[in-house]
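Tertiary structure, described
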Amino acid sequence: MLNKTNRLSLAEQASMQIEQLIESGVWQVGMKIPTEPELMEELQVSRNTLREAMRALTHAGLLKTRQGDGTYVSSSSALGPVLKKRIQRSDILQTLEVRHALEREAAILAATRRTEQDLEEIQQHIESCKLAVHSRDHAAYAIADIAFHRSIIAASHNPLLMELYNHMTEGVRETISDVMELSSHSYYLQNHEMLLLAIQQNDSSQAAETVRIYIEHSKEHFQQQRG
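A look at the pairing of strand β1 (residues 63-66)
Across 4 bridges, the pairing between β1 and strand β2 (residues 70-73) is antiparallel. Note that in β2 the partner of lysine 64 across the bridge is tyrosine 72.

In structure tokens, the structure reads:
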């Protein structure tokens, strides 16, 4: 049942309740949401009110309508689509600077908070990177590399940092693909193994330095390519 207030319109209230369902994980990314009549009954709103709320959520990037099929959850938070668009409009060097800030802090935290399970997951993603390199599959490497970095973020055990980085994932993946065309895979693999070792040894200073090295390496190659 919709909780009415005097400060928000019914469409705004309906939008907020649907957004809460998404952000809380009740409605997960990729899920097809209930039909219009079902939502009208659940929220106790009119068709016009519901459609206004749905338009707002679709515009925000939380929902996506598939013609003749239905409406699906496309993002777990309105922050995700906003960040992705912003990253796509940004210079690669700017994106690398943001990555440095987030990944450096995550590496420092991971070095002090990691569990044995965290280490195992990081190692698994390094192995996936190696397989992609062996098969010369750039797209697969970009996916495996993002998974590696996300496992470092997860090892920080900071939910807010994890959420922020996860929302950047798509834009960051494109940045990694661009940079990887400019330098060797083997360099990054060696660097990843050094980062894992630093985290394994609880060496936060070395972990931070390793992140700085691979970000600087990426910047140099991009600047060379840009001329």
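Examining unusual backbone geometry
For arginine 136, which is not glycine, the phi dihedral falls at a positive 55°. Among the secondary structure elements, arginine 136 is positioned in the loop between α6 (116-134) and α7 (138-155). Classification of arginine 136 as exposed rests on a relative accessible area of 73%. Even without glycine at this site, asparagine 202 takes up a positive phi of about 60°. Relative to the elements of secondary structure, asparagine 202 occurs in the loop between α9 (185-200) and α10 (204-226). Accessibility expressed as a relative area gives 43% for asparagine 202, which makes it partly exposed.

Brief notes about the packing of helix α5 (residues 92-113) against α9
Where α5 contacts α9, the two axes come as close as 7 Å, and the packing angle between them is 45°. Here α5 lies oblique to α9, going by the angle between them. Here α5 contributes Ala107, Ala110 and Ala111 to the contact with α9, which in turn contributes Leu195, Ala198 and Ile199. Here the residues of the contact of α5 with α9 are counted per class, giving 6 nonpolar, no polar and no charged.

Rules and cut-offs
- Residues numbered from 1 in each chain as written.
- Predicted model: local features only at pLDDT ≥ 70, side-chain atom pairs only at ≥ 80, totals over all residues.
- Heavy atoms only, no water.
- Pairing = 2+ DSSP bridges.
- Helix = DSSP H or I, 4+ residues; strand = E, 2+ residues; numbered from the N terminus.
- Buried < 20%, exposed > 50% of the residue type's maximum accessible area, 1.4 Å probe, protein only.
- Axes fitted to C-alpha atoms, helices over the stretch in contact; angles between N-to-C directions.
- Parallel < 35°, antiparallel > 145°, perpendicular 65-115°, else oblique.
- Contact = heavy atoms within 4.5 Å.
- Nonpolar A, V, L, I, M, F, W, Y, C, P; charged D, E, K, R; others polar.

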